[in-house]
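# Architecture at a glance
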Amino acid sequence: MAQLLAGKSALILGVANKWSLAYAIAQAYRREGARVLLTYQGDRQRQAVEEMGAEIGAENVFACDVSQDADLERLRETVRGTVASLDAVVHSIAFANREDLSRPFVETSREGYLLAQEVSAYSLVAVARATAPLMTRGGSIVTLSYLGATRVVENYNVMGVAKAALEAATRYLAADLGPAGIRVNAISAGPVKTASARGIRDFSKVLDGVAKISPLRRNTDPAEVADAAVFLASDLGRGVTANVLFVDCGFQAMGLAH
Ligand code: NAP
């Protein structure tokens, strides 16, 4: 069967470990024939991500803290030095203080609110600005969102507000970059047990609830999120932009359940 991303190059930000959604996406992009560049936040993850990169045959693995302008500048130069043109970017990054994911939302501090917005939402804008000039033949930018952007999910709090900003940024970026043939979409993934998700209080109850209520009566598999990201980066997704695609076993459609 033809590989859906053959001849394409992809930059994937947000691999921390083997459970990261970004890692599942990197594996799927390699399976579909893409050349892949991975980034990690800082020295703590360097060795682990370099090993994962070697396992899947990544073209380059390098550090990028998206809250640092110098890192974003270096990102652009590193990608430019590795591939002739960039076709896909995956932004799989979020952060909020743990205490803001457990106490009532009304208690969110100014500092905690701004931190979540900077790392989880503004970074998409900054990454798009740094990489769009490298997408000389058009391309795809995909970010990862969650239902808490539009619905109240207990304990998701400040991150829900950041995801609302992220989804709005997706639409504004799609409008700006569409004339250059660059599509910008979000995947709203169902809950998956990752390092970030473990920071949310009572996360295992969320997993249990989704498995009971969602139309498919189970939780989302990271590989399903990754395959949707393949579709969006591939030519099959060529008419899709400014969209939020739910990959959540249908949970978002449910109201009251018995
Ligand atoms: P993850 O493995 O912990 O990935 C989050 C990534 O963000 C980590 O690689 C983390 O690096 C990185 N990051 C945080 N601050 C950063 C910074 N300043 N610069 C660069 N990277 C930074 O967890 P994940 O669940 O796969 O999360 C990936 C994305 O999916 C997030 O946007 C998340 O909100 C979204 N999502 C997750 C779920 C879920 O249930 N898991 C559902 C829907 C959407 P460090 O580990 O080094 O800090």
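Notes on the structure follow. (Residues numbered from 1 in each chain as written. Predicted model: local features only at pLDDT ≥ 70, side-chain atom pairs only at ≥ 80, totals over all residues. Heavy atoms only, no water.)

## Notes on the site of the ligand
- Surveying the vicinity of the ligand reveals 29 residues, the closest of which are S20, Q41, V192, T194 and S196.
- Backbone polar atom of V192 to an oxygen atom of the ligand: 2.7 Å apart, as the coordinates give it.
- The side chain of T194 places a nitrogen or oxygen atom 2.5 Å from an oxygen atom of the ligand.
- Burial of the ligand by the protein amounts to 92% of the accessible area it has alone, namely 880 Å². (Near = heavy atom within 4 Å. Polar contact = N/O pair within 3.5 Å; in protein donor to acceptor, adjacent residues only side chain to side chain. Areas by Shrake-Rupley, 256 points an atom, 1.4 Å probe, with all protein chains shown as cover.)

## Focus: the pairing of strand β1 (residues 9-13)
- With respect to burial, β1 is a largely interior element, five of its five residues being buried.
- Going residue by residue along β1, you find S9, L11 and L13 tucked away on one face and A10 and I12 tucked away on the opposite face as well.
- Summarising the sheet, β1 and strand β2 (residues 35-40) pair through five bridges and their orientation is parallel. Each bridged residue has a counterpart across the sheet, and for L11 the counterpart in β2 is L37.
- Following the chain from β1 across helix α1 (residues 21-31) to the adjacent parallel β2, one finds a crossover that is right-handed. (Buried < 20%, exposed > 50% of the residue type's maximum accessible area, 1.4 Å probe, protein only. Helix = DSSP H or I, 4+ residues; strand = E, 2+ residues; numbered from the N terminus. Pairing = 2+ DSSP bridges. Right-handed = clockwise from strand over helix to strand, strands pointing away.)

## So, the sheet that holds strand β3 (residues 60-63)
- Read across the sheet, seven strands follow the order β3-β2-β1-β4-β5-β6-β7 without closing on themselves; strand pairing throughout is parallel. Both edges of this open sheet fall to β3 and β7 (244-247), since each of them pairs with a single strand only. Each neighbouring strand pair of the sheet contributes to a mean axis angle of 20°, computed without reference to strand direction.
- Looking at chain direction, strand β6 (residues 182-189) and β7 are connected through four bridges and run parallel. Note that in β7 the partner of I187 across the bridge is L245.
- Sheet contacts for helix α3 (residues 69-82): β1, β2 and β3; angle to β3, the most-contacted strand, approximately 170°.
- Sheet strands in contact with helix α4 (residues 110-131) are β1, β4 (88-91) and β5 (139-145), and its direction is about 165° off that of β4. (Axes fitted to C-alpha atoms, helices over the stretch in contact; angles between N-to-C directions. Contact = heavy atoms within 4.5 Å.)

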